[in-house]
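Architecture and fold: a report
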Amino acid sequence: ALREGASGGEVSRVLLALQALLAGKERHSLLIFDEVDSNIGGETAALIGEKLREISKQHQVICITHFPQVAHYADYHLQIFKE
């Protein structure tokens, strides 16, 4: 299955693609994406940010990211850190 051969980031990006296709057709009101930007470059990160923004028109989206190219598309930001 996909989970056995794919990294966490790859699984998250597949979920992102499915949610982009299903936006507005599902009942889920909250979607959480973690590692969606792992092992990608800046241009791809910007595309992922655009897709997340598109999905957020129909659902509440929480995305954990390290890329400013992804965070740029968010309406709100929370910074979380450990000491």
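Here is what the cut-offs are and how they apply
- Residues numbered from 1 in each chain as written.
- Predicted model: local features only at pLDDT ≥ 70, side-chain atom pairs only at ≥ 80, totals over all residues.
- Heavy atoms only, no water.
- Helix = DSSP H or I, 4+ residues; strand = E, 2+ residues; numbered from the N terminus.
- Buried < 20%, exposed > 50% of the residue type's maximum accessible area, 1.4 Å probe, protein only.
- Contact = heavy atoms within 4.5 Å.
- Pairing = 2+ DSSP bridges.
- Right-handed = clockwise from strand over helix to strand, strands pointing away.
- Core = buried A, V, L, I, M, F, W, Y, C linked by side-chain atoms within 4.5 Å.
- Salt bridge = Lys/Arg side-chain N within 4 Å of Asp/Glu carboxyl O.

1. A word on the overall build of the chain
Helix and strand content of the chain: four helices and two strands. When the helices and strands of the chain are read in sequence order from the N terminus, they spell out α-α-β-α-β-α. Taken across its 83 residues, the chain has 23% of its residues classed as buried. A separation threshold of at least 6 residues defines the contact pool for the chain, and within that pool the share at least 24 residues apart is 60%.

2. Comments concerning the pairing of strand β2 (residues 60-64)
The pairing of strand β1 (residues 30-34) with β2 spans five bridges and is classified as parallel. Paired with Leu 31 across the strands is Val 61, a residue of β2. Regarding topology, helix α3 (residues 42-55) serves as the crossover connection from β1 to the parallel β2, and that connection is right-handed.

3. Notes on the nonpolar core
In this structure, Leu 16, Leu 31, Phe 33, Val 36, Ile 40, Ala 45, Ile 48, Leu 52, Ile 55 and Val 70 together form the largest nonpolar core, which totals 10 residues. Listing elements by their share of this core, those giving two or more residues are β1 and α3. Contacts of Ile 55, omitting those with residues within four sequence positions, involve Leu 16, Gln 19, Ala 20, Leu 31 and Val 61.

4. Some remarks on the pattern of salt bridges
Within this structure, the stated rule accounts for two salt bridges. For Lys 51, the salt bridge is made with Glu 54, and the minimal N-O distance between the two is 3.8 Å. Of this pair, Lys 51 and Glu 54 both sit in helix α3, separated by three residues, roughly a single helical turn. For Asp 75, the salt bridge is made with Arg 53, and the minimal N-O distance between the two is 2.7 Å. One end of the pair, Asp 75, is in the segment after α4 (68-71); the other, Arg 53, is in helix α3, and 22 residues separate them in sequence. The class of Asp 75 is exposed, set by a relative accessible area of 55%.

5. Focus: unusual backbone geometry
Phi is positive for Asn 39, which is not a glycine, with a value near 60°. Here Asn 39 lies in the loop between β1 and α3. With a relative accessible area of 74%, Asn 39 lands in the exposed category.

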